[in-house]
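Observations on chain architecture
Chain by chain, the residues:
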Amino acid sequence: MNPLYDLVQLREIEQRHAAEGLMEKAGLAAAGMARKLLREHEYSVLVLAGPGNNGGDALVAARHLKAAWHQVTVVFTGDRATLPADAAAAYDAWVAIGGELRTEIPPNGRWQLVIDGLFGIGLSRELDAHYCGLIGQVNALGLPVLALDIPSGLCTATGRVLGAAIKASHTLSFIGLKPGLFTLDGPDHAGEVRLEALGLEIEDSSAAGSLVDQPPALPLPRKLNSHKGSHGSVGVIGGAEHMAGAAILASRAALLLGAGRVYCGLLASQPFALDTAQAELMLRDAASVPTLSSVLAVGPGMGVSSAAMAILHEVLAQPQSLVLDADALNLVAEHPELQQKLKWRAAGSTVLTPHPGEAARLLGCSNAEVQADRIASALRLAHGYQGAVVLKGCGSIIALPDGRWFVNRSGNPGMASAGMGDTLCGIIAALLAQSMDMEQAVLLGVYLHGAAADALVGRGIGPIGLTAGEVASSARELLNRWVYGKA
């Protein structure tokens, strides 16, 4: 997993290496990447240089491109008198080779690439109308955009758009990767992200978080001498009236991902006797499931009735590993006695998988507040409930009670459909049942869930119309490939 750095850590790294000419290295790297993005017969570049060090990086890139005989138009939005020292030197070097500076984007210009150096990682305020308008002009050009470090207007820490943000086709991230590139609005604005470490060697252990961009720890291959009892049992509890499908989706996912037995406990007054599409599932009344299962997944389609409340009281007192989703989380949010029971559970025995709305109810805040800082929100939940938390959404956040956090990179917009969370719940429960520890099961489950959807899209299935059931089947295929090395 690649490390992710917060602003404080990045500034400390920059200070330690200040004498190593980082701006010159960054600008040279940016110019090199720009030249790779330009086809041979295309050589005209629009460079946007802002009022800080990000603008200095852009000016260095402009100088190198001009020296390589590219036509370069520079729009500078700062003031030479207030530039930081390195950026001022870059400004002077640009002027010294005859470089011109404009204050606005020329009308009717013809460029093949835009380099965005307006604002870098230090931006934390909403942009004013002038910069929002300038960014709107750039986005309206419809050209490939290379963003330096981070697209201008995107919050480094959270991925939130600060009024307006450049929509880049490529981002060259200097020194280390930033979390804002991979969650919330970040993926829609960063495009293809490439790391340029500028020759620095940094200890990964100093990073704030990690990017889950490949399969983490995997289950061991199965022994030949094994049986269904060797691979655990999952009990899924949910499926109130008219919502049985959610519990069945979670149960099918648990079965497909390798749990030895799966019990589907339905709260509906007339539960099905048989899942005809997956006859291997054992359908039960919800009350019987806790004593049958080594792992419990509670909440899909559960509803918030008194019966649901009673069964949740019971399962919170059970010693098994527990995955809480959907209405189980809503009930916890509404009832302090359930919150207390959840906090009393053994550390490392509970996984919570809220979407932003459920997280907001658990935290007693608004959905917008959760999304404004997804990492902080997930960490608050993990600390408060002493469990692993998966805050679902674009760039799902995995937070652990010890303060570590991860951003998942897999997945696509096809997953914005009913039942996807139920499938994730079943996948995580199945991995727990097969004796993976909680951290490994959650990280693998979240990444596998998104990677399975990506594999389907790669085969032309979706993203429009992608279904949760298809993702579960694809996840089974991928996990077997990863564990057994199949091509």
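Let us look at the structure shown here. (Residues numbered from 1 in each chain as written. Predicted model: local features only at pLDDT ≥ 70, side-chain atom pairs only at ≥ 80, totals over all residues. Heavy atoms only, no water.)

**Re the overall build of the chain**
We apply this condition: To qualify as a helix, a DSSP run of H or I must reach at least 4 residues; to qualify as a strand, a run of E must reach at least 2; elements of each kind are numbered from the N terminus. For the radius of gyration, the atoms used are the C-alpha atoms, and the globule rule reads 2.2 Å times the number of residues raised to 0.38. Three exposure classes are used, based on accessible area relative to the maximum for each residue type with a 1.4 Å probe and protein chains only: buried under 20%, partly exposed in between, and exposed over 50%. The Shrake-Rupley method, run with a 1.4 Å probe sphere, supplies the accessible areas, and residue values consider only the shown protein chains as cover. The sign given to each residue is positive for Lys and Arg and negative for Asp and Glu; His and the chain ends receive no count. Charged side chains are reduced to one point each, which is NZ for Lys, CZ for Arg, CG for Asp and CD for Glu.
Secondary structure summary: the chain contains 16 helices and 17 strands in total. Here the chain has a C-alpha radius of gyration of 26 Å; the compact-globule value for 487 residues is 23 Å, and the two agree. Dimensions of the chain, computed from the C-alpha atoms along their principal axes, are close to 80 × 45 × 40 Å. Within the span of the chain, comprising 487 residues, buried residues form 55% of the whole. When the accessible surface of the chain is split by element, carbon and sulfur atoms take 52% of a total near 20300 Å². The averaged location of the 44 negative side-chain charges in the chain is 5 Å from the averaged location of its 35 positive side-chain charges.

**Looking at the side chain of Asp 116**
Quick reminder of the rule: Should a side-chain nitrogen of Lys or Arg be within 4 Å of a carboxyl oxygen of Asp or Glu, the pair is scored as a salt bridge. We call two N or O atoms a polar contact when they sit within 3.5 Å, provided that within protein one can donate a hydrogen and the other can accept it, with sequence-adjacent residues counted only if both atoms are side-chain atoms. Between two residues, a contact is recorded if the distance between any of their heavy atoms is within 4.5 Å.
In this structure, Asp 116 sits in strand β4 (residues 113-117). Although Asp 116 lies buried, it forms no salt bridge, and the closest oppositely charged side chain, Lys 178, sits 12 Å away as judged by the N-O distance. A polar atom in the side chain of Asp 116 sits 2.6 Å from the side chain of Ser 152. Those residues in contact with Asp 116 that lie beyond four places of it in its chain are Leu 48, Asn 54, Val 145, Leu 146, Ala 147, Leu 148, Ile 150, Pro 151, Ser 152 and Ile 166.

**So, helix α9 (residues 327-334)**
Of all eight residues that make up α9, seven are buried, and the element is covered over most of its length. All of the buried residues in α9 are Asp 327, Ala 328, Leu 329, Asn 330, Leu 331, Val 332 and Ala 333.

**A word on the packing of helix α14 (residues 420-433) against helix α16 (residues 468-484)**
Just so we agree on the cut-off: Note on geometry: axes are C-alpha line fits, over the in-contact stretch for helices, and angles between N-to-C directions span 0 to 180 degrees. Note on terminology: angles under 35 degrees are roughly parallel, angles over 145 are roughly antiparallel, angles of 65 to 115 are roughly perpendicular, and the others are oblique. Crossing handedness follows the turn of the near helix against the far one: under a right angle anticlockwise gives a left-handed crossing, and clockwise gives a right-handed one. Under the convention adopted here, Pro, Cys and the residues Ala, Val, Leu, Ile, Met, Phe, Trp and Tyr are nonpolar, Asp, Glu, Lys and Arg are charged, and Gly plus all remaining residues are polar.
As a packed pair, α14 and α16 sit with axes 8 Å apart at the nearest point and diverge in direction by 30°. Comparing the axis directions of α14 and α16 gives the class roughly parallel. The chirality of how α14 crosses α16 is right-handed. Residues Met 420, Thr 423, Ile 427 and Leu 431 of α14 form the contact with α16, whose participating residues are Ala 468, Val 471, Ala 472, Ala 475 and Leu 479. Its residues assigned to classes, the contact of α14 with α16 comprises eight nonpolar, one polar and no charged.

**Remarks on the sheet that holds β4**
For the record, the criterion: By definition, two strands form a pair when at least two bridges between them are found by DSSP.
In space, the six strands of this open sheet follow the order β3-β2-β4-β5-β6-β7, with parallel pairing throughout. The open sheet terminates on both sides in strands that have one partner only, identified here as β3 (71-76) and β7 (192-196). Sheet twist, expressed as the average angle between the axes of neighbouring strands with direction ignored, equals 20°. As paired elements, strand β2 (residues 44-49) and β4 share five bridges and run parallel to each other. Its bridge partner lying in β4, Val 47 is registered against Ile 115. Against the sheet, helix α2 (residues 22-37) contacts β4, β5 (145-148), β6 (170-174) and β7, and its axis sits at roughly 160° relative to β6.

**Re the pattern of salt bridges**
Taken as a whole and assessed by the stated rule, the structure comprises ten salt bridges. The salt bridge partner of Arg 160 is Glu 126, with a shortest N-O separation of 3.1 Å. Linking Arg 160 in the loop between β5 and β6 with Glu 126 in the loop between β4 and α5 (129-141), this pair joins segments that are 34 residues apart in sequence. Among the residues examined, Arg 160 registers a relative accessible area of 29% and is labelled partly exposed. Look at Glu 126 and you get partly exposed, because its relative accessible area is 45%. Taking the shortest distance from any N to any O, the salt bridge between Glu 477 and Arg 459 comes out at 3.8 Å. In this pair, Glu 477 is assigned in helix α16 and Arg 459 in the loop between α15 (438-458) and α16, connecting sequence segments 18 residues apart.

**A word on the pairing of β5**
Here is the rule: Here, the term right-handed applies to a crossover whose path from the first strand over the helix to the second runs clockwise when the strands point away from the viewer.
Neither face of β5 is open: one carries Val 145 and Ala 147, the other Leu 146 and Leu 148, and all of them are buried. One ladder, built from three bridges, connects β4 with β5; its direction is parallel. For Val 114, the partnering residue across the bridge sits in β5 and is Val 145. A crossover connection joins β4 to the parallel β5 through α5; in handedness this β-α-β unit is right-handed.

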